[in-house]
Amino acid sequence: MGLPALLLLALCVASARGLYFHIGETEKRCFIEEIPDETMVIGNYRTQMWDKQKEVFLPSTPGLGMHVEVKDPEGKVVLSRQYGSEGRFTFTSHTPGDHQICLHSNSTRMALFAGGRLRVHLDIQVGEHTNNYPEIAAKDKLTELQLRARQLLDQVEQIQKEQDYQRYREERFRLISESTNQRVLWWSIAQTVILILTGIWQMRHLKSFFEAKKLV
């Protein structure tokens, strides 16, 4: 694949997701992110509390907390930590695949918003989008051209990781397909053997029945 095609693909890769959702005081909300291995992920969130009197979402009180838990495709806990009403969490994937990111309130002041709602603004950045390029440029004293080259190199590296991950998925799918086909084949053979044995048994049983009745 040529460099222009790689750069075009880099512009099309969606690695940053921003959204907001509503949860109750004891509700947990989980998201699934497909992440290549050795990829940094940064999540920024901000919570708001529903005010019944004003009927608007207001900034959360200091007593409100959020618990963030991240599990890798094998179910191992990558991150499990308590944060405040507004925070930022970071982790690096070591296994390619679907990572589960769960958030739920762990406030000690539940009575203040019992039965209420929370609005959580969540922004998840993956790969090269986690880099703070203005800070990198200031730290390493990079020119605009050097900074742009650094960005392109990071994008190409992320594309390579995505391609490796797609090859990994393709290999897993092929192994699963071959295993499924083999199981179907053996099941078909087992069914055929059972039908043949059943037919033989029925024939012998009928023959014994006719002989007992002296019909043959």
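It should be noted that the structure appears before, not after, this text.
Residues numbered from 1 in each chain as written. Predicted model: local features only at pLDDT ≥ 70, side-chain atom pairs only at ≥ 80, totals over all residues. Heavy atoms only, no water.

### A look at the nonpolar core
Most often, soluble globular proteins keep nonpolar side chains buried together rather than apart. Operational definition: We define the nonpolar core as a collection of buried residues of types Ala, Val, Leu, Ile, Met, Phe, Trp, Tyr and Cys that are connected through side-chain atoms lying within 4.5 Å of one another. Only protein chains enter the accessibility calculation, which uses a 1.4 Å probe; a residue whose area is less than 20% of its type maximum is buried, one above 50% is exposed, and one in between is partly exposed. A helix here means a DSSP run of H or I that spans at least four residues, while a strand means a run of E at least two residues long, and both kinds are numbered starting from the N terminus.
Y45, V68, F89, F91, I101, L103 and L122 are the most contacted members of the largest nonpolar core, which totals 22 residues. Looking at this core, the elements with two or more residues in it are β1 (16-23), β2 (28-35), β3 (40-51), β5 (66-71), β6 (77-83), β7 (86-92), β8 (97-105) and β9 (118-126). Broken down by element, the residue count for this core peaks at five residues, all from β9.

### Focus: the state of the cysteines
Quick reminder of the rule: Cysteine sulfurs are considered disulfide-paired once they come within 2.5 Å of each other.
Tallying each qualifying case throughout the model produces one disulfide. A disulfide bridge connects C30 with C102, and the sulfur atoms are separated by 2.0 Å. On the sign convention where negative means left-handed, the S-S torsion of about 110° between C30 and C102 marks this disulfide as right-handed. Placement of C30 in strand β2 and of C102 in strand β8 is noted, with a sequence separation of 72 residues between them. Residue classification places C30 among the partly exposed positions, given a relative accessible area of 34%.

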